[in-house]
Each structure stands twice: as structure tokens, then as C-alpha cells.
Amino acid sequence: QSVLTQPPSVSAAPGQKVTISCSGSSSNVGSNPVSWYQHLPGTAPKLLISDNDKRPSGIPDRFSGSKSGTSATLGITGLQTGDEADYYCGTWDRTLTVVIFGGGTKLTVL
Amino acid sequence: QVTLRESGPALVQPTQTLTLTCTFAGFSLSTHGMCVSWIRQPPGKALEWLGFIDWDDDKYYSTSLQTRLTISKDTSKNEVVLRMTNMDPLDTATYYCARTLSMGGIAVDSWGQGTLVTVSS
């Protein structure tokens, strides 16, 4: 069981918007920036969002991140079939002094 | 361009020690804020962070695995080595090395392709 809680799955139709939540505690999400990763089957994970809401170069603005208190959210608009993947949140836990990932959310684009 | 590549055995016997090498290019592990992490993914399961080594040669390890893990670096060769002792079939996973930025927050911004390690007799 992960320290960061994500919904196991979300789904939406092409063109629609979806959000994925990541819930933690004051020792991790509440006190450190959150990053988000996309993991397509058979490929290496990719950084989508760093520092809660910053997109690395090359990441489309369809992907957005936000954080409030001990929860973070990844938003994806204009869904495409190519967005079908597992999505993970991650951050530093200052009490445990470890990097932690959420349990992952499988996105299905219907 | 930042690249990382994992190398090591594909098959390990139970109780043996796994040694994986990460060879990287495009950045220096001596630069402030730079780290290299090891992360694994068992088949059908979530990503699991194992540990990282930073620019100052400090190491941080997963709480549950710290007694079995050692991460070291050779800055002159641009290599980071993971050693995991007493391997078990439950350690079967794809193992990734990844550049990790520690600048305020933690972001794993570049990943190797991963190497599948199977633990079986």
C-alpha cells in the first residue's frame, strides 16, 4: 500500500477532460513539490509535471498540475487514445527521507 | 542530450547478489542538485523507488530495502552501481536508473529504458 493514494483507474472519451488525484500527508505532499509521470506500456516513464505545476520542455499544455494542502491533481484535456497509460505522482517524504510514488492510475480513453 | 542505460544480468538465482550498472551521459553527477535513482517495477505492479545517490555522495534508500541495498558512483566513468543482496523471486522486476533533480523538490526527469531481472533457480 502506497503512502500516496491515487485512484486505480479513470476513464473518459476522446476529446474530454480527466483529472487524477494524489493524496498524501503533511510530511510529503503537504511540504514538498509533487511531480507526475506517464508510463506507457513497454516504454520508460516520462516526467510530465514537476514542482506541482511546471511542464518540462516538449510536454503539451493539455497536461497540467496543481496542489492544495496534502493533495495534488493532474489534469489532462483534449484526451487522445495515445494518452492511455499509467500515471504516477511522486514526491519526497521529509519524515521518512525517501522518494515515494503513488500506486498509479490507469487511464482508459474510451 | 541526457541518456542513461542499465546493464547487468537478466537472470539471478535466489539468495544471490544483484549488481546493476547505470552508465549515463549528458550531465555530471558532480553538479549540485544532480542525483541518480534506482527505481523498479514488478510485473503488473506500481513503480517502487529503491534509492538514490547525490552529487555530494550522500545516499538515500527505501526504508523497507535499505539493509539489502548499496548504491555507489564512479564520477570519472559516469557510472552508478546498484547492489542488492539476498535476491528473492519477489524481486523480479524491471529495474530503471534515472536522473533525479533535487532542487527544492524531487523530479525524475530522465529514465533509462530499464532492464528486466528475473529471480529464479
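So, here's what we can say about the structure. (Residues numbered from 1 in each chain as written. Chains lettered and ligands numbered in written order. Predicted model: local features only at pLDDT ≥ 70, side-chain atom pairs only at ≥ 80, totals over all residues. Heavy atoms only, no water.)

## Structural notes on the packing of aromatic side chains
Here is step 1: As enumerated under the stated definition, the model contains eight aromatic pairs over all chains in all.
Here is step 2: Centre to centre, the rings of A:W92 and B:Y60 are 5.4 Å apart; their planes meet at 85°, and the pair counts as edge-to-face. Taken as a pair, A:W92 in strand β7 (residues 85-93) and B:Y60 in strand β6 (residues 59-61) lie in two separate chains rather than in one.
Here is step 3: Here the aromatic rings of B:W49 and B:F52 are separated by 5.7 Å at their centres, their planes lie at 70°, and the arrangement is edge-to-face. (Phe/Tyr/Trp six-rings, centres within 6.5 Å; stacked < 30°, edge-to-face > 60°. Helix = DSSP H or I, 4+ residues; strand = E, 2+ residues; numbered from the N terminus.)

## Quick look at the side chain of A:S27
All names here are of chain A.
Here is step 1: Positionally, S27 belongs in the loop between β2 (18-23) and β3 (35-39).
Here is step 2: Judged by relative accessible area, S27 falls into the buried class, the value being 13%.
Here is step 3: Polar contacts involving the side chain of S27 include one to the side chain of D93, which spans 3.0 Å.
Here is step 4: Look past the residues within four positions of S27 in its chain and what remains in contact with it is N32, W92, D93, R94 and T95. (Buried < 20%, exposed > 50% of the residue type's maximum accessible area, 1.4 Å probe, protein only. Polar contact = N/O pair within 3.5 Å; in protein donor to acceptor, adjacent residues only side chain to side chain. Contact = heavy atoms within 4.5 Å.)

## A few points about the sheet that holds strand β7 (residues 69-74) of chain B
Residues and elements named next belong to chain B.
Here is step 1: Here we have four strands laid out as an open sheet, ordered β1-β3-β8-β7, and antiparallel in their pairing. Only two strands of the sheet have a single partner each, and these edge strands are β1 (3-7) and β7. On average, each strand axis in the sheet is inclined to that of its neighbour by 20°, with strand direction left out of account. (Pairing = 2+ DSSP bridges. Axes fitted to C-alpha atoms, helices over the stretch in contact; angles between N-to-C directions.)

## So, the nonpolar core
A general trend in soluble globular proteins is that nonpolar side chains are found buried together.
Here is step 1: Core analysis: the largest hydrophobic core is formed by 42 residues, its most contacted members being A:W36, A:Y87 and B:W111.
Here is step 2: If one sorts the elements of this core by residue count, β7(A) sits on top with five residues.
Here is step 3: Here B:W111 is in contact with A:Y37, A:A44, A:P45, A:F101, B:L4, B:I39, B:L47, B:Y96, B:C97 and B:A98, once residues within four sequence places are set aside.
Here is step 4: In this structure, B:L29, B:Y61, B:A93 and B:V119 belong to the second largest nonpolar core, which totals 27 residues. (Core = buried A, V, L, I, M, F, W, Y, C linked by side-chain atoms within 4.5 Å.)

## Things to note about the state of the cysteines
Among covalent bonds in proteins, the disulfide is the one between the sulfur atoms of two cysteines.
Here is step 1: Counted under the stated rule, the structure contains two disulfides over all chains.
Here is step 2: What pairs with A:C22 in a disulfide is A:C89, and their sulfur atoms sit 2.1 Å apart. Given an S-S torsion of about 75°, the disulfide between A:C22 and A:C89 has right-handed geometry. Here A:C22 is found in strand β2, whereas its partner A:C89 is found in strand β7, with 67 residues between them in sequence. Like A:C22, the residue A:C89 is buried in the burial classification.
Here is step 3: Through a disulfide, B:C22 is tied to B:C97; the S-S separation comes to 2.2 Å. The chirality of the disulfide connecting B:C22 with B:C97 is right-handed, given an S-S dihedral of about 70°. Of the two residues, B:C22 sits in strand β3 (residues 18-25) while B:C97 sits in strand β9 (residues 93-103), which places them 75 residues apart along the sequence.
Here is step 4: Overall, B:C22 belongs to the buried group, its relative accessible area being 0%.
Here is step 5: Left unpaired, B:C35 is separated from the closest cysteine sulfur, that of B:C22, by 13 Å. (Disulfide = S-S within 2.5 Å.)

## Brief notes about the interface of chain B and chain A
Often the size quoted for an interface is simply the accessible area lost on bringing the parts together.
Here is step 1: With 21 residues of chain B in contact, the opposing surface of chain A contributes 20 residues.
Here is step 2: On the chain B side of the interface with chain A, the three residues burying the most area are B:L47, B:W49 and B:I106, jointly 34% of the side's total.
Here is step 3: For the interface between chain B and chain A, the tally reads five residue pairs in polar contact (both at pLDDT 80 or more).
Here is step 4: The set of elements that each furnish at least two residues to the side of chain B that touches chain A consists of β4 (34-41), β5 (48-54), β6 and β10 (105-111) of chain B.
Here is step 5: Considering each element in turn, the side of chain B that touches chain A owes the most residues, six residues, to β10(B).
Here is step 6: By residue class, the composition of the side of chain B that touches chain A is 12 nonpolar, seven polar and two charged. (Buried area = accessible area lost by both parts, 1.4 Å probe. Nonpolar A, V, L, I, M, F, W, Y, C, P; charged D, E, K, R; others polar.)

## Thoughts on the sheet that holds β2(A)
All names here are of chain A.
Here is step 1: The three strands lie next to each other as β2-β6-β5, forming an open sheet whose pairing is antiparallel. Edge positions in the sheet fall to β2 and β5 (63-68), since each has one partner strand and no second. For this sheet, the mean inter-axis angle between neighbouring strands, taken without regard to orientation, is 20°.
Here is step 2: Alignment of β2 against strand β6 (residues 71-76), held across six bridges, turns out to be antiparallel. Within β6, the residue paired with I20 across the bridge is L74.

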